[in-house]
Amino acid sequence: MNLTERDLKVIWHPYTQMKTAGVPIPIVKGEGAHLLDENGKRYIDAISSWWTNIHGHAHPYIAKKVAEQLTQLEHVIFAGFTHPTAVELAERLLAILPANQTKAFYSDNGSTAIEVAIKMCLQYWNNQGQTRTRMLAFKNAYHGDTFGAMSVSGRSAFTAPFDSLLFEVEFIDTPDAENIDRLKSQISQLRSQLSCFIFEPLVQGTAGMVMYEARYLNELIAHCRKENVLTIADEVFTGFGRTGKPFATSHITEQPDIMCFSKGLTGGTMALGLTTCTQEIFNVFLSDDKLKTLFHGHSFTANPVACAAALASLDLFLAPATAENIERIKNAHAQFAGRIKHHPKIKAVRQTGTIIAMEWETGDNTSYFSSLRDRLYYYFLEAGIILRPLGNIIYILPPYCITDADLNYIYSKIEQALEEI
Ligand SMILES: *Cc1c(COP(=O)(O)O)cnc(C)c1O
């Protein structure tokens, strides 16, 4: 049996209808922005392996640091104990995050980073004797697949089987010049019941790379602060350079109370989640009363190997070459956007930093399940490019090390697809 056949016998894949899905592609090696399959076919990873990879696959520097850590200390319980990589990572990250972020809480992935943030907010009020359980989120938000994270995500086909069990959340539109005053008064009306406002800053990835302007987010955060509503910036996707600056919140002056990270945190090497918060939030949990403790943790909280990968990724991220690469991709995307925006089959093109998204004209209603999606997906796979359209929306968000030649190849294949599909 080859690998695919063995897979089909034992594996249940994520987000995959196992009855109708095509067979999975067996990847045996990663190299920079490329992935190689069993037969030696090369693919350009134009979506950074579900938005996680920032420095390229199997990066030798991260591999070296991880290997060193594995022979030094692979894991230790993080309650009652600590270790150097967790402390150094928190120190170095807090130094580049907004100045109000002073404490780091580790977990395992993006969804758990969100769960921790939600629990921090709910218990922040609870510890002060206030019942504030409602939350505010954007329509079509995506914050993860665990129950709390699902609850603050927009209701969709993904959540439908569980909708009756999700907790109550107020969903508001993403802000623009026209609705900003209305959104602010919605917040004011609910303020005494709201525990927090959670948002994906600047780009709603899963919604279809929906983008909104930094200045209106700035206004919303300022308004929440005025109304005493805590704010959570979900930087799980946007963190570490995706939006052209280190963090999406680097584009604004207001500082969120809580921030969540995962995906690019380890350079896409392995799972690690991080939730940071202000001293003010942390202080509300300090008490002689044990019941005020944040009772949350995972077996692998602050795993030393994952922290070592994150530290290595941070070294690479802070090197000048990475900022230059981000700038290069940003400019290349902008030129490409200019070239195709008037194409009759393109309904809209939008870009934030290294993320570019194109909405395909379909004439009728479109959905995640549209057949166009599959045609596009397989068209690009055939051409050796991994793109994973969200319905009729194609997006490119490559590892920052992608070459100009690879970028131009992706652009030219998209232009070709516009003529052929
Ligand atoms: C991917 C994602 C999550 C969930 O992270 P996982 O590691 O997949 O659980 C949360 N928020 C945003 C914005 C994401 O893109």
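Computed from a predicted structure; not experimentally measured.

**Points about the UniProt feature "binding site: substrate" (unreviewed entry) in the chain**
Argument step 1. Taken from the UniProt record, the annotation "binding site: substrate" (unreviewed entry) applies to W50, Y142, K263, G297 and R388. In three dimensions, the annotated residues from a span of 339 residues occupy distinct locations, with a maximal C-alpha spread of 33.3 Å. Restricting the annotated residues to those that line the largest pocket leaves W50 and R388.
Argument step 2. Sequence-distant contacts of Y142, defined by excluding residues within four places in its chain, comprise Y15, S153, E200, T206 and D234.
Argument step 3. Here R388 shows up in the loop between β15 (385-386) and β16 (393-396).

**As for the environment of I54**
Argument step 1. Among the secondary structure elements, I54 is positioned in the loop between α2 (48-51) and α3 (60-72).
Argument step 2. C-alpha separation for the pair I54 and K139, spaced 85 residues apart in sequence, amounts to 28 Å.

**Observations regarding the pairing of strand β5 (residues 134-138)**
Argument step 1. Within β5, five of the five residues are buried, which leaves the element mostly enclosed by the surrounding structure.
Argument step 2. Sheet topology note: the β5/strand β7 (residues 194-199) ladder contains four bridges and is parallel. Pairing of M135 across the sheet is with C196, part of β7.
Argument step 3. Bridge count between β5 and strand β6 (residues 169-172): four bridges; the pairing is parallel. Bridge assignment links L136 to a residue of β6, and that residue is E170.

**Quick word on unusual backbone geometry**
Argument step 1. Of note, N140 is a non-glycine position whose phi angle comes to about 60 degrees, a positive value.
Argument step 2. Its place among the elements puts N140 in the loop between β5 and α6 (147-151).
Argument step 3. The phi torsion at N228 lies on the positive side, around 65 degrees, for a residue other than glycine.
Argument step 4. Tracing the backbone through its elements, the reader meets N228 in the loop between α8 (214-226) and β10 (230-234).

**Observations regarding the site of the ligand**
Argument step 1. Surveying the vicinity of the ligand reveals the residues W51, N109, G110, S111, Y142, H143, G144, E200, D234, V236, F237 and K263.
Argument step 2. With respect to the ligand, the side chain of N109 contributes an N or O atom lying 3.5 Å from an oxygen atom.
Argument step 3. D234 places a polar side-chain atom, nitrogen or oxygen, 2.7 Å from a nitrogen atom of the ligand.
Argument step 4. Contact with the protein chains hides 83% of the accessible area of the ligand, taken as 380 Å² for the molecule alone.

**Here we look at the layout of surface pockets**
Argument step 1. What the largest pocket holds in volume is close to 1,400 Å³.
Argument step 2. Elements with a minimum of two residues in the lining of the largest pocket: α2 and α12 (371-382).
Argument step 3. Among the elements that line the lining of the largest pocket, the one with the most residues is α12, at five residues.
Argument step 4. Residues of the lining of the largest pocket, tallied by class, amount to 20 nonpolar, eight polar and four charged.

Criteria and thresholds
- In this convention, every chain numbers its residues from 1, walking through the sequence in written order.
- With pLDDT at 70 or above as the cut-off, local features in this predicted model cover only qualifying residues; side-chain atom pairs require 80 or more to be listed or tallied, and sums for whole chains, interfaces and linings still use all residues.
- In computing side-chain properties, one takes all heavy atoms of the structure into account and sets aside hydrogens as well as water.
- UniProt positions are given in the numbering used here, feature names are shortened, and annotations may be inferred rather than shown by experiment.
- Cavities and pockets are found on a 1 Å grid laid over the protein atoms alone: a cavity is a set of points where a 1.4 Å probe fits but cannot escape, a pocket is an open set with protein on both sides within 12 Å along at least five of seven lines, and a lining residue has an atom within 4 Å of such a point.
- Pairs of residues are marked as contacts when any of their non-hydrogen atoms sit within 4.5 Å.
- Numbering of helices and strands runs from the N terminus; a helix is a DSSP stretch of H or I covering at least four residues, while a strand is a stretch of E covering at least two.
- Think of it in three bands: with a 1.4 Å probe and only protein chains considered, a residue is buried below 20% of the maximum accessible area for its type, exposed above 50%, and partly exposed in between.
- Two strands are said to pair when DSSP picks up at least two bridges between them.
- Near is defined per residue: the residue qualifies when any heavy atom it owns lies within 4 Å of the molecule or strand.
- In protein, a polar contact means a hydrogen-donor-capable atom and an acceptor-capable atom, both N or O and within 3.5 Å, with residues adjacent in sequence counting only if both atoms are side-chain atoms; elsewhere, any N or O pair within 3.5 Å suffices.
- Values of accessible area rely on a 1.4 Å probe in the Shrake-Rupley scheme; residue burial ignores everything except the protein chains shown.
- Grid points are joined across faces, edges and corners, and a volume is the space filled by probe spheres set on the points.
- Think of it as three bins: nonpolar holds Ala, Val, Leu, Ile, Met, Phe, Trp, Tyr, Cys and Pro, charged holds Asp, Glu, Lys and Arg, and polar takes everything else, Gly as well.

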